Amino acid sequence: MEPLKNLLNIYEDKEKVLRMFLPESSTKHLDEYEYIYDLDTLFLNDKIVFIKKSTGEIYKKGTIIKITHDKITIKNGMNISLPKSEYYIFRYLRKTKSKKNNRRYYEELLKSLG
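Residues numbered from 1 in each chain as written. Predicted model: local features only at pLDDT ≥ 70, side-chain atom pairs only at ≥ 80, totals over all residues. Heavy atoms only, no water.

**Describing a nonpolar patch on the surface**
At step 1: A cluster of nonpolar side chains, Tyr105, Leu109 and Leu113, forms an exposed patch at the surface whose accessible area comes to about 340 Å².
At step 2: Note that Leu113 resides in helix α4 (residues 103–113).
At step 3: By relative accessible area, Leu113 is classed as exposed at 66%. (Patch = residues over 30% accessible without salt bridge, like charges linked within 9 Å, V, L, I, M, F, W, Y side chains within 5 Å. Areas by Shrake-Rupley, 256 points an atom, 1.4 Å probe, with all protein chains shown as cover. Salt bridge = Lys/Arg side-chain N within 4 Å of Asp/Glu carboxyl O. Helix = DSSP H or I, 4+ residues; strand = E, 2+ residues; numbered from the N terminus. Buried < 20%, exposed > 50% of the residue type's maximum accessible area, 1.4 Å probe, protein only.)

This is the structure we're talking about:
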């Protein structure tokens, strides 16, 4: 069950709608995160938050270590695979450039292969 599904279909700015209607217990932790509508823009090492579509509560936080067609595996002390379709996914907005961050490399590689 996804209570916000019809509402999200109406509006173009889905992140604004989610921030307005998700419980405050979830939104207060999302200040430095952006909602990811197009899951193809996620890459390894991105820090993400999974919010359950049925409850609106934060379920897990972690760093992406594997992405498949229907699941994302994150590391958060232990490795856990979660289905993409059951969660709203928010990505951490990085403020500093880290040598461990290969995001730009993955984006350029994807462009060259596509």
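**Topic: the environment of Lys5**
At step 1: As for its position among the elements, Lys5 is in helix α1 (residues 5–10).
At step 2: Separated by 49 residues in the primary sequence, Lys5 and Ser54 place their C-alpha atoms 9.9 Å from one another.

**Re the sheet that holds strand β5 (residues 79–83)**
At step 1: The six strands are arranged β1-β6-β2-β3-β4-β5 in an open sheet whose pairing can be described as antiparallel. If you trace the sheet from one side to the other, it starts and ends with β1 (33–35) and β5, each paired once. Sheet twist, expressed as the mean angle between neighbouring strand axes with direction ignored, is 45°.
At step 2: Here strand β2 (residues 47–52) runs beside strand β6 (residues 87–92); their pairing, made up of five bridges, is antiparallel. Across the sheet, Ile48 pairs through a bridge with Arg91, a residue of β6.
At step 3: The strands touched by helix α2 (residues 14–21) within the sheet are β1 and β6, with β1 carrying the most contacts at an inclination of about 115°. (Pairing = 2+ DSSP bridges. Axes fitted to C-alpha atoms, helices over the stretch in contact; angles between N-to-C directions. Contact = heavy atoms within 4.5 Å.)

**Observations concerning the environment of Thr63**
At step 1: Structurally, the position occupied by Thr63 is in strand β3 (residues 58–67).
At step 2: Taking the C-alpha atoms as reference points, Thr63 and Tyr92, 29 residues apart in sequence, are found 9.7 Å from one another.
At step 3: In contact with Thr63, other than residues within four places in its own chain, are Asn45, Asp46, Lys47, Thr73, Ile74 and Lys75.

**What to know about the nonpolar core**
Across soluble globular proteins, you tend to see nonpolar side chains buried next to one another.
At step 1: With twelve residues, the main nonpolar core is built from Leu4, Leu8, Val17, Leu18, Leu22, Leu30, Tyr33, Tyr35, Val49, Ile51, Tyr88 and Phe90.
At step 2: Dropping the residues within four chain positions of it, Val49 is found in contact with Leu30, Tyr33, Ile58, Lys60, Lys61, Tyr88, Ile89 and Phe90.
At step 3: With eleven residues, the next largest nonpolar core counts Ile36, Leu42, Phe50 and Ile80 among its residues. (Core = buried A, V, L, I, M, F, W, Y, C linked by side-chain atoms within 4.5 Å.)

**Section: the pattern of salt bridges**
At step 1: The full count for this structure, using the stated rule, is five salt bridges.
At step 2: Between Glu2 and Lys53 there is a salt bridge whose closest N-O contact spans 4.0 Å. Here Glu2, found in the segment before α1, pairs with Lys53, found in the loop between β2 and β3; they are 51 residues apart in sequence, far enough to count as distant.
At step 3: Overall, Glu2 belongs to the partly exposed group, its relative accessible area being 25%.
At step 4: A salt bridge links Glu108 to Lys111, with the shortest nitrogen-to-oxygen separation between them at 3.7 Å. With Glu108 and Lys111 both in helix α4 and three residues apart, the pair spans about one turn of that helix.
At step 5: A residue is classified by how much of its surface remains accessible, and Glu108, at 44% relative accessible area, is partly exposed.
At step 6: When its relative accessible area of 60% is taken as the criterion, Lys111 is described as exposed.
At step 7: Shared partners join several salt bridges into a network, and the residues in it are Glu34, Asp46 and Arg91.

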